[in-house]
Amino acid sequence: MATLQLREAIRAAMTEEMERDENVFLMGEEVAEYNGAYKVSQGMLDQFGPDRVIDTPIAELGFAGLGIGAAMSGLRPIIEFMTFNFSYVAFDQVVNNAPNMRYMSGGQFGCPIVFRGPNGAAGQLGATHSNSTEALYSNFPGLKVIAPSNPDDAKGLLKSAIRDDDPVVFLESEQMYGLKGEVSDESDYLLPIGKARIAREGDDVTIVAHSKSYHVTMKAAEELEKEGFSAEIIDPRTIKPLDIETIIRSVMKTNRLVVVDESSPFSSVASEVTHQVQERAFDHLDAPVLRVTPPDTPAPYAPNLMDRYMPSVEEIVRASKRVMYAAA
Amino acid sequence: MADDKSKAQTDPADALDAPSGDGAADEEAVTESAADEATEPEGPWTRQSIDIPDGPITETVEYNTYPADRFSHDELDLADDDLMPMLRNMLLQRRFEERCRQMYQRQKISGFLHLYIGQESVSTGSVYGIRLGEDSVITAYRDHGIGLAMGMDPGVCMAELFGKKDGCSRGKGGSMHFFDASKRMFGGHAIVGAHLPLGAGVAFAHKYRGEDNVCLCFFGDGAMAQGAYREALNLAGIYDLPIVFICENNQYAMGTAVDRVQAEPDLFKHGRSFDMPCSLASGMDVFSVNRAVKDHVALARDGQPSMLEIRTYRYQGHSISDPAKYRQEGELDARKSEDAIVRLEQYIVNQGVAADSEIETLDEEIKQEVLDAIEFAENSDFPDDDAIYEHVYAQEDYPFIN
Ligand SMILES: Cc1ncc(C[n+]2csc(CCOP(=O)(O)OP(=O)(O)O)c2C)c(N)n1
Ligand SMILES: [Mg+2]
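Residues numbered from 1 in each chain as written. Chains lettered and ligands numbered in written order. Predicted model: local features only at pLDDT ≥ 70, side-chain atom pairs only at ≥ 80, totals over all residues. Heavy atoms only, no water.

A. Quick peek at the pairing of strand S7 (residues 168-172) of chain A. Residues and elements named next belong to chain A. Counting buried residues along S7, 5 of its 5 residues qualify, which places the element largely inside the surrounding structure. Of the two faces of S7, the one holding Val168, Phe170 and Glu172 and the one holding Val169 and Leu171 are both buried throughout. Relative to S7, strand S5 (residues 114-118) runs parallel, the two being bridged by 5 bridges. Bridge pairing in S7 places Val114 opposite Val168. Bridging between strand S6 (residues 144-146) and S7 involves 3 bridges; their strand directions are parallel. (Buried < 20%, exposed > 50% of the residue type's maximum accessible area, 1.4 Å probe, protein only. Helix = DSSP H or I, 4+ residues; strand = E, 2+ residues; numbered from the N terminus. Pairing = 2+ DSSP bridges.)

B. Up close: the sheet that holds strand S12 (residues 238-240) of chain A. Residue and element names in this part refer to chain A. Strand order in this open sheet of 7 strands is S3-S2-S4-S5-S7-S6-S12, and the pairing throughout is mixed. Sheet topology places strand S3 (53-55) and S12 at the edges, where each strand pairs with a single neighbour. Geometrically, the sheet is characterised by an average inter-axis angle of 20° between neighbouring strands, direction not taken into account. Of the strands in this sheet, strand S2 (24-28), S3, strand S4 (76-80), S5 and S7 are in contact with helix H1 (residues 6-20), which crosses S2 at around 135°. Helix-sheet contacts for helix H7 (residues 151-163) involve S2, S4, S5, S6, S7 and S12, and the interaxial angle to S7 is about 160°. (Axes fitted to C-alpha atoms, helices over the stretch in contact; angles between N-to-C directions. Contact = heavy atoms within 4.5 Å.)

C. Structural context of the coordination of the magnesium ion (ligand 2). Residues and elements named next belong to chain B. The protein atoms donating to the magnesium ion (ligand 2) are Asp221 (OD), Asn250 (OD1) and Tyr252 (O), with metal-donor distances spanning 2.0 to 2.1 Å. Sequence spacing among the residues donating to the magnesium ion (ligand 2) works out to D-x28-N-x1-Y. Of this pair, Asp221 sits in the loop between strand S3 (215-220) and helix H8 (227-239) while Asn250 sits in the loop between strand S4 (243-249) and strand S5 (252-253), and the two are 29 residues apart along the sequence. Asn250 carries the same exposure label as Asp221, and that label is buried. (Donors = N, O, S within 2.8 Å, 3.2 Å for Na, K, Ca; no water.)

D. Molecular detail of H1 of chain A. Residue and element names in this part refer to chain A. With 15 residues, H1 ought to run about 21 Å at 1.5 Å a step, and its terminal C-alpha atoms sit 21 Å apart, in line with that. The element H1 is extensively covered by neighbouring structure, given that 12 of its 15 residues are classed as buried. When H1 is considered as a whole, its buried residues turn out to be Leu6, Arg7, Ala9, Ile10, Arg11, Ala12, Ala13, Met14, Thr15, Glu16, Glu17 and Met18. (Expected span 1.5 Å × (residues − 1).)

E. Highlighting the side chain of His195 of chain B. Residues and elements named next belong to chain B. If you trace the backbone, His195 turns up in the loop between helix H6 (154-161) and helix H7 (196-208). Since its relative accessible area comes to 1%, His195 is described here as buried. Engagement of the side chain of His195 in a polar contact is seen with the backbone oxygen of Phe218, the distance being 2.6 Å. When sequence neighbours within four positions are dropped, the list of residues in contact with His195 reads Ile138, Thr139, Ala140, His189, Cys217, Phe218 and Phe219. (Polar contact = N/O pair within 3.5 Å; in protein donor to acceptor, adjacent residues only side chain to side chain.)

F. The packing of aromatic side chains, seen in detail. With the rule as written, the count across this model stands at 23 aromatic pairs over all chains. An angle of 80° between the planes, with centres 6.5 Å apart, marks the rings of Tyr229 of chain B and Phe274 of chain B as edge-to-face. Taken together, the residues span a long stretch of sequence, with Tyr229 of chain B in helix H8 and Phe274 of chain B in the loop between helix H9 (258-261) and strand S7 (278-282) at a distance of 45 residues. Given the relative accessible area of 4%, Tyr229 of chain B is considered buried. Here the aromatic cluster, defined as three or more aromatic residues joined through ring pairs, consists of Phe63, Phe81, Phe84, Tyr88, Phe91, Phe115, Tyr137 and Phe140 of chain A. Above the face of the Tyr34 of chain A ring, Lys39 of chain A is positioned so that its terminal group lies 4.1 Å from the ring centre. Against the face of Phe382 of chain B rests Lys164 of chain B, its NZ or CZ located 4.9 Å from the ring centre. (Phe/Tyr/Trp six-rings, centres within 6.5 Å; stacked < 30°, edge-to-face > 60°. Lys NZ or Arg CZ within 6 Å of the ring centre and 35° of its normal.)

G. Structural view of the interface of chain A and chain B. Of the residues lining the interface, 34 residues belong to chain A; the matching set on chain B comes to 41 residues. For chain A, the biggest contributors to the area lost against chain B are Ile58, Tyr301 and Arg308 of chain A; these three give 24% of the whole. Summed over the shared surface of chain A and chain B, the result is 2 salt bridges. Here Arg308 of chain A and Asp386 of chain B are joined by a salt bridge, their closest N and O atoms 3.3 Å apart. Between chain A and chain B we count 14 residue pairs in polar contact (both at pLDDT 80 or more) in total. Of the residues forming the side of chain A that touches chain B, the biggest block, 5 residues, is contributed by helix H11 (residues 303-309) of chain A. (Buried area = accessible area lost by both parts, 1.4 Å probe. Salt bridge = Lys/Arg side-chain N within 4 Å of Asp/Glu carboxyl O.)

H. Region of interest: the packing of helix H4 (residues 120-127) of chain B against helix H10 (residues 286-301) of chain B. All names here are of chain B. Two elements in contact, H4 and H10, have axes separated by 8 Å at closest approach and are oriented at 45°. Relative to H10, the element H4 is oriented oblique. Crossing geometry of H4 relative to H10 is assigned as right-handed. From H4, Ser121, Val122, Thr124, Gly125 and Ser126 reach across to H10, where they touch Val286, Val289, Asn290 and Val293. For the contact of H4 with H10, a count of residues per class yields 4 nonpolar, 5 polar and no charged. (Parallel < 35°, antiparallel > 145°, perpendicular 65-115°, else oblique. Left-handed = near helix turned anticlockwise from the far one by under 90°. Nonpolar A, V, L, I, M, F, W, Y, C, P; charged D, E, K, R; others polar.)

I. Representation of the nonpolar core in the model. Within the largest apolar cluster, 64 residues are counted, with the highest numbers of intra-cluster contacts made by Leu87, Ile109, Met158, Leu161, Leu216 and Phe287 of chain B. For this core, the element with the most residues is helix H3 (residues 80-105) of chain B, which contributes 10 residues. Residues within four places of Leu216 of chain B in sequence aside, it is in contact with Ser126, Ile130, Ser136, Val137, Ile138, Val244, Ile246, Val293 and Val297 of chain B. Residues Phe115, Ala196, Leu242 and Ile247 of chain A belong to the second largest nonpolar core, which totals 43 residues. (Core = buried A, V, L, I, M, F, W, Y, C linked by side-chain atoms within 4.5 Å.)

J. Broad picture of the domain arrangement of chain A. Residues and elements named next belong to chain A. Taken domain by domain, chain A consists of domain 1 (2-183) and domain 2 (197-323). For domain 1 versus domain 2, the distance between C-alpha centres works out to 26 Å. Listed as interface residues are 28 residues of domain 1 and, on the opposing side, 26 residues of domain 2. Surface buried jointly by domain 1 and domain 2 totals about 2000 Å² across both partners, of which 54% is contributed by carbon and sulfur atoms. When the buried area of domain 1 at its contact with domain 2 is split by residue, Gln124, Glu134 and Ser149 rank highest and sum to 25% of it. (Domains from an automatic or database assignment.)

K. Representation of a negative patch on the surface within the structure. Together, Asp74, Glu75, Asp77, Asp80 and Asp81 of chain B line one region of the surface with negative charge. With respect to the helices and strands, Asp74 of chain B occurs in the loop between strand S1 (64-66) and H3. (Patch = residues over 30% accessible without salt bridge, like charges linked within 9 Å, V, L, I, M, F, W, Y side chains within 5 Å. Areas by Shrake-Rupley, 256 points an atom, 1.4 Å probe, with all protein chains shown as cover. Lys, Arg positive; Asp, Glu negative; His and termini not counted. Charge placed at Lys NZ, Arg CZ, Asp CG, Glu CD.)

Here it is, written out as structure tokens:
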């Protein structure tokens, strides 16, 4: 096991796959000469040269579309969005071209592409720069959506994503790039897409949380522990396909569920998990499922409002106690 | 085709030469279209020919230029008395932003902070070329300079940066989102290129209402790579919108030099694809900017959209966290040696309009004004927690999910 930052784990995954398969290339804003806006691709230009680590103009629609065309032609592009906020400029390409190619061409043209970059709020950046896109992109059949919470998962899942024959949206986190963790040094470390991880075992309440929210939830679990409640935490890792089986199994044990999600509440990951659980495990639920999400508002700038906006330890503790009918 | 060609030769230059834009070129255009009407029935069908000329088709296009040091203030209809206020306008931006950097380090300001230092001639020169309060302005996220140049209150601007409720966007927007409806400042916008079509829309509204006001739409060299650029200029072109597209080419988009990512790095030429008058001005001289903007605004008031590239330079990194290692050694110092503020100061002294000591006094006044702005921001409160639900919708009883 090596200790890597999240950015290093992502870099390792890209580097290994580029060494392994010459059809893989990396393209995006500032990925080459500048070594990445968040230094994820540091050193990759030196290693692979400008034909495979490619700077672009600020033209998300253009280079996302270029990636799709290249993927239809048999290459395996990794398209970096400096942040996923800017993927909205490329929305048509990501949601209307990439996921539909295989289907519309009756299987003749696949689209093995990875769109990756940081997702979600990252401090006081204001409304246009704080979008959590996982629920949104999960709404498009043909796309897979991955949102890891730690370096090990990031490496194993990104390698799988690059090898996947379909388009994958791979969501990182600006605030987690420096997060360190043990990463497997298995020579070809692949994690299956669509498998959740039971991150913490417990008996009293199941909490589902991915990416940055997972870390807030772990803190909440410690708080709950102090008060004598044991929370089981499930990190779905992949949002689509969703490993509902693992979640259901946990709910059958704890009979209570809270979902933490940075997406806006309406049609969120939380609402999807909740729906699937009530559909399949209604009789096992001892309380309504609660979710902890931002309010149904754009992200503000002011520090106090932003604190209020993000899912917090307190909110998760409160929601967990409510589903356990424990006094607050 | 042949018609297009001759238009290309005359239009941009002539249109700019004509003081109010209704000169010889336009008369010619009028008689031409009158002649067309006589022979052709009206209808929505294409007028384009498919008789391909023998060719080759050659084009000669003229682009107006506004180099530094070419214009004196009286040629710009500026009185002696306008010069110190003009200097004040530029200096306020610089002193304000120098303090911003410090306030960021003290964690009073958070999020992204993009400083405009070095580019002040563009905002000031432009503001002195429009009817403030009637004409409209829209820009990208590097927006403190133009906001202050338009007369936004420095205290209110600083309060926004502090995330306070007296801020120009009530603490909801931060550095990248300065707005002031009363000044027709339509915002700083943080998605690169996304506000160009908005600029077209603001100009559309001026025209729709029959006003003779115009919109100045500022954007960076980086924004010109976005598809939105093309769409906005084409729309402005077909609807004859009263807009000036002003590219503040500071040579870099983050760490990317403009000539690395533009197939045609002479950005002013891009407007030519939309049959617009295009010019190139120096941002190292506020007078050059002012002359260029005035000429282009005159075109816009006549319903002729146009494209103006201003070559300028940012002294700081892209944002406060960018060490700017991509510059060539000596590049920054070379630019600083041509500083537009220093140029204006020297001009003022050389013209005998004010003495060095008066300029120093002015500078001290401005520094104090910025300190007062900081104090105002400090003393302002953070928004009430419930303000998070304010201004999401106009509807006051909107049923939010709880
Ligand atoms: C659509 C989009 N892509 C990427 C970014 C990230 N970004 C912010 S500013 C910037 C550079 C813009 O450069 P330019 O237009 O030249 O303006 P300048 O910063 O030089 O004023 C980039 C890439 C963004 N804000 N929006
Ligand atoms: Mg620039």
